[in-house]
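Chain by chain, the residues run as shown.
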Amino acid sequence: MQKIKSLMARQGLKSPQESMADLSPVENLRIPSKEELRELREQPIDPQAEQEIIDSIEEVYFSNDSFDMVQHELEKLPPELNLQELEEYRDKLKRQQAAVSKKVADLILEKQPAYVKELERVTALQTNLQLAAVICTNARRQLSVAKEGFTEASLGLLANQRRRQLLTGLLKSLRTIKTLQRTDVRLSEMLEEEDYPGAIQLCLECQKAASTFKHYSCISELNSKLQDTLEQIEEQLDVALSKTCKHFDVSHYTKVQLAYTLLGKTQTAMDQLHMHFTQAIHNTVFQVVLGYVELCAGNADTKFQKMQYKDLCTHITPDSYIPCLTDLCKALWEVMLSYHHTMQWHEEHDKQETTPTPEDAAVAESDELAVDRSYVKKKLEHGLTRIWQDVQLKVKAYILGTDMSNFKYDDFIVVLDVISRLMQVGEEFCGSKSEVLQESIKRQSVNYFKNYHRARLEELRMFLENETWELCPVKSNFNIAQLHEFKFMGQCRSPSVSPSRQAASLSSSAQEELSLFQQYQREGNPFEMHMEHKEEETEDVLASNGYESDELEKSVYQDYDSDSDVPEELKQDYVDEQTGDAPLKSVPRETMRTKKKSDYNLNKTNAPILTNTTLNVIRLVGKYMQMMNILKPIAFDVIHCVSQLFDYYLYAVYTFFGRNDMPVPSPSLQAHGSREAGTARVVGPACLYESSGLGLISSRLRTTLNRIQESLIDMEAVGENAGVHGPAEDRKEKVPSPHLSQLVVLTNSGTLYGLAQRVVATESLVFLAEQFESLQSHLDTMMPAAKKPFLQQFYSQTVSTASELRKPIYWIVAAKAIDYEQMLLMMAGVKWDIREIMSQHNVYVDVLLKEFEQFNKRLGEVSRHVRIPLPVSNVLWEHCIRLANRTLVEGYANVKKCSNEGRALMQLDFQQFLMKLEKLTDLRPIPDKEFVETYIKAYYLTENDMEQFIKNHREYSMKQLANLVNVCLGSHINKKARQKLLAAIDDIDRPKR
C-alpha cells in the first residue's frame, strides 16, 4: 500500500483529502459537517429558488482560479458605510454560500460510489507494479550474466568479419579508381586510331563507374576530367563528320554515325552535317576562285583573302575563266557526290535495321529510334534542295561576275556546256530545273548572243561583198553532220562515220542511260570528260582539187564524149520521166551514159555546189543550234537569228544576180554594162514575157523579199543622210545592203554574163535551203510551242522560195545570151505577102539556131568550171526558148501584109526551128510551142471565130491581136466589123491598164 502511494506521489497523484486541501481560494470551500448536511437536507428548499440564488452569483466568481473574493468585496464597499445595508448584503452572500454548499454536498454524495470503486482499482494497480519491478530486477541480473559469458566474444568475431568485407570492397574500389585514372591514355590512342565508337563507349562506361564511386572525394575530379574528355571526343567527332563532305568513305562515316548513336545525338549529328556541307560549298568555291585570282594577279599586293566571294569573282580574267569554272564545278561535284553517298548510306542502313530478325522480334523498336530515323530522312530530303540552291547561288555569282559578251564563240560554248552539265547534275541530284542557273546563264547568253549575232551579220556582209562566187570543192558525200558544229546532233547517224566509231558512240549512248551519279560513283568526274573529248575528231569534207580522183575525172569526160552513142529512145524516155524542176539526185557512174544533152554536170561528180560563204553560214547555223540546244529558254531568239542569216543570204543573192536593173560593178565596165543592162530592159519579147502574166517573181517570193528588206536591211546606211532618218535603235538591228564584189564580172558575153557565178550563188542558196529543210524537225523540237507558227511560216514562206530565185536570175542570162533584137530586125525584112509556097525556110531561123548552138557551146564551156545541175539547164533552156518563141510571135505581129503562102512560110520556119532545136536540147515539151502555133493558125480564122479567139486567148498582147484583125481579116471584112473586133480587144486590155 505504501508503494502505491509512493508511485502516486511520483506521478503527481494526491489523495482526495489532499486534493481538497490544494484547492484555490475560490474552490477552498468549507465542507459542511454531517449535522450541517443533515440540516441542509432537512430544510425544505425549492430547487427553482435555489437555482435562482446560484444564478444571482456574479460571473467574476467563476472566472479565474486566482480570484481574490475578499479583495473584490472590499473594493465594492461604498465610501460611507451603512450597517444595515452591510448586514443585508452579508445575508445575501450567506444565502448564496449556503446554496453553493448545498449543491456541492449533493454532488459529492452523488459521486461517492464511483469514488470508492476507483480507489479499489488504484490499490490493485499498486500491487501489480510491485510484481513487475521484481521481474525486471531478475531479468537484468540474468542479462548481465549472458553478456559476460557469450555476447562479447561472438559479436566481436562478427564485427571483425564485417570490417574485413568492407576493406575488401574498398580495395576493389581503389583498383577501379586507379584504372579510371589511367583510361585517358587509352582514350587518346583510340581517338588517334579514329575509333570513335570505342572511345565513346569506354568514356561512357568510365562515367558510369565514376558515378558509382562518387562518394570518394578523388572521384569528383576524375568525373569532371571524363566530361572534358567526352567533349573533346565530340569536337573531334565533329571534325571527322566534316571530312565526309568532300571525300565520303563508308567505313569512316559508319564509325561517325555509330559514335553519334552512342551519344544519343543522331539528330544533332544530322544538323551538324548539313551545316558542314553548307560550309564546305562556301569554302570550296572561295578557295578555287581565290587560287585563280591570286595566280592571275601575280605579285599584286591586293588583299583578296578579305574579299567577299561575289567581289572576288569579278577579278577572274577571261583567260582563266573556263579553267576556273571547270575546277569550280569539279569541286562542287565532289561535295554533291558525297551528299549522294550519304543518302545512299542512310537508305541502306534503314533497310538493314527494318529487316526482321529473331532478336528484333523479341525486342520491339523504340519510339525514339523511329523518331530519329524519320527526322534524318526528312532532313536529308530537305537538304537536297538546300544544298543545290547553295551551289546555284555560288555558280550564279561566278557567271554574272564576268562580262562574257566579248568571249570567243568556242569558249562561250564550253561555258554553256559546263553549265548545262551542271544543270543535268542538279536535275539528277534533286529533280530541280535550276531556275537560278537558267536565269543567270540566260542573261549572259542574251547579252552575248546579241553582240555575237550582230558581229556575225556584219561578218556575213563582208564575206558576201568579198565573195567571188567560186566553187568550194567538197566531197560528193558531204553532209553537214561531218562539220564540227553539228557533232552535237549525233554523228553516229552519218554514213561517213566508221563502224568502229559507231560502236564507240553506241557504247557511249548506252552509258548515257545511267545517271551521272551512277557513272562516276567510284571515280572520275563528268566535267573532266567534257574537256577531254573536245578535240577528238577532225573534219574531212574538202576535196583536194574538186575531184575525188583523177580516174573519176577521166571517166567523166569519156562519158561525155560517148554520149552520142546512146540510142535516142533511151534518151527520150529519160527526158519524159525527169522533165520538170525536180532536184537532181546522185547518179551512179554506170548510169552516166544515159544522161541527157541538157545535163551539163559532166565534168564533176554530184558534189554539192556551195561557196566558202555558204559553208560559213552553215557553220554559223550549227553554232547557233549548239547554243540553242544548251539554252532552251532563248531558243526562239536563236532561231529568229538563224532565219536572219538565211534571209540575208537570200536577199544578197537576189540583189547581186536577180535584179533586171543590176548596178554596174565598176567604172571601167560602165560602157559595156549600160548596153547589156539596157538590153535586159528594152528587149521587146522580154517585156512581153513579164506583161503576159507569166511573171518571173512569184507573189510569195516578192512578199518575202519585201519583208526582208523592211525588217533586216538598213536602206539608209548607203544614203547621204544615214544618221538623220529612222530611230537609232531600229537601225542597230539592221544590216546595210551588201554590194557585189568588183571582181565579179556579169557583163561578159563569153562567160554567159557570169553564168558560173550565178549558178554557184543560186545553187548554193538552194543547197542551203535543203540543209535548213533537213534541220526543220530538230529546230521544231527546240522551239517553244507558242512560237512554232513562226518557224512554220519561215519554212513555208522563205526557205521554200529559194529555188524560185532560179527564174529571175537565169532569165537575165537568157535575155542577154541570144540577140533577140537582131532576129526581130531580120524578120522585119522578110516579105510575107508572097504568091507561091516556099520550100526553103528564111535565114533568120538559121541565125536564131546558130545563136542557140553558140549558147549550148557556152553552156558546155561553163560546165567545165562549174557543174550545171539539170534543173538549172532546164530553166536556162526554158527561158531562152520562151523568149525566142515570143520574139517570133512579136515578129509575126509586126507584119504589115501577109498572104496565105506567107502563113505557110511562117509555119515552115517554125517547124524548121523546132526540128533543129529538139536536137540541141532534151527539154520536153518545148515551152510556148502552142503559143506560136496557135498564133500562126489564127491567120486562117473567120470573123466569128476571130471574136471568140480574142476572148479565149488573153495571153497575147493587144498589138498582136490587133495585127491578126488588121492583117488577116483586113481584106475580107468591112470597116464596121473591124472596129467591132478592135473594140473587143480594147475591152480585154482595159483591165490590165
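Note: the structure precedes this text.
Cut-off values and rules
Residues numbered from 1 in each chain as written. Predicted model: local features only at pLDDT ≥ 70, side-chain atom pairs only at ≥ 80, totals over all residues. Heavy atoms only, no water. Helix = DSSP H or I, 4+ residues; strand = E, 2+ residues; numbered from the N terminus. Buried < 20%, exposed > 50% of the residue type's maximum accessible area, 1.4 Å probe, protein only. Expected span 1.5 Å × (residues − 1). Axes fitted to C-alpha atoms, helices over the stretch in contact; angles between N-to-C directions. Parallel < 35°, antiparallel > 145°, perpendicular 65-115°, else oblique. Left-handed = near helix turned anticlockwise from the far one by under 90°. Contact = heavy atoms within 4.5 Å. Nonpolar A, V, L, I, M, F, W, Y, C, P; charged D, E, K, R; others polar. Salt bridge = Lys/Arg side-chain N within 4 Å of Asp/Glu carboxyl O.

## Quick notes on the side chain of Asn616
- Along the chain, Asn616 turns up in helix H22 (residues 612-630).
- With a relative accessible area of 18%, Asn616 lands in the buried category.

## Brief notes about helix H23 (residues 635-657)
- Look at H23: 33 Å from first C-alpha to last across 23 residues, which is about the 33 Å you get at 1.5 Å a residue.
- Burial analysis of H23 places 20 of its 23 residues in the buried class, the great majority of the element.

## A word on the packing of helix H15 (residues 409-430) against helix H16 (residues 435-466)
- Packing of H15 against H16 brings their axes to within 12 Å, and their N-to-C directions diverge by 165 degrees. In terms of their interaxial angle, H15 and H16 are classed as roughly antiparallel. Handedness of the H15/H16 crossing: left-handed. Contacts between H15 and H16 involve Tyr409, Phe412, Val415, Leu416, Ile419, Leu422 and Met423 from the former and Leu437, Gln438, Ile441, Gln444, Ser445, Tyr448 and Tyr452 from the latter.

## Some details on the packing of helix H33 (residues 870-893) against helix H35 (residues 929-937)
- The contact between H33 and H35 brings their axes to 9 Å, and the two run at 15 degrees. With respect to their mutual orientation, H33 and H35 come out roughly parallel. Along this stretch, H33 crosses H35, giving a crossing that reads as left-handed. Packed against H33, whose contacting residues are Asn885, Arg886, Val889, Tyr892 and Ala893, the element H35 presents Lys929, Phe931, Val932, Tyr935 and Ile936 at the interface.
- Its residues assigned to classes, the contact of H33 with H35 shows 7 nonpolar, 1 polar and 2 charged.

## Quick look at the pattern of salt bridges
- Tallying each qualifying case throughout the model produces 22 salt bridges.
- Between Arg456 and Glu459 there is a salt bridge, and its shortest N-O distance comes to 3.3 Å. Pair noted here: Arg456 and Glu459 are both in helix H16, with a separation of 3 residues, about one helical turn.
- For the salt bridge of Arg619 with Glu485, the shortest nitrogen-to-oxygen distance reads 3.1 Å. With Arg619 in helix H22 and Glu485 in the loop between H16 and helix H17 (499-512), this residue pair connects regions lying 134 residues apart in the sequence.
- Take Glu485: its relative accessible area is 10%, and that puts it in the buried class.
- Linked by salt bridges that have partners in common, Arg454, Glu458, Arg461 and Glu465 make up one network.

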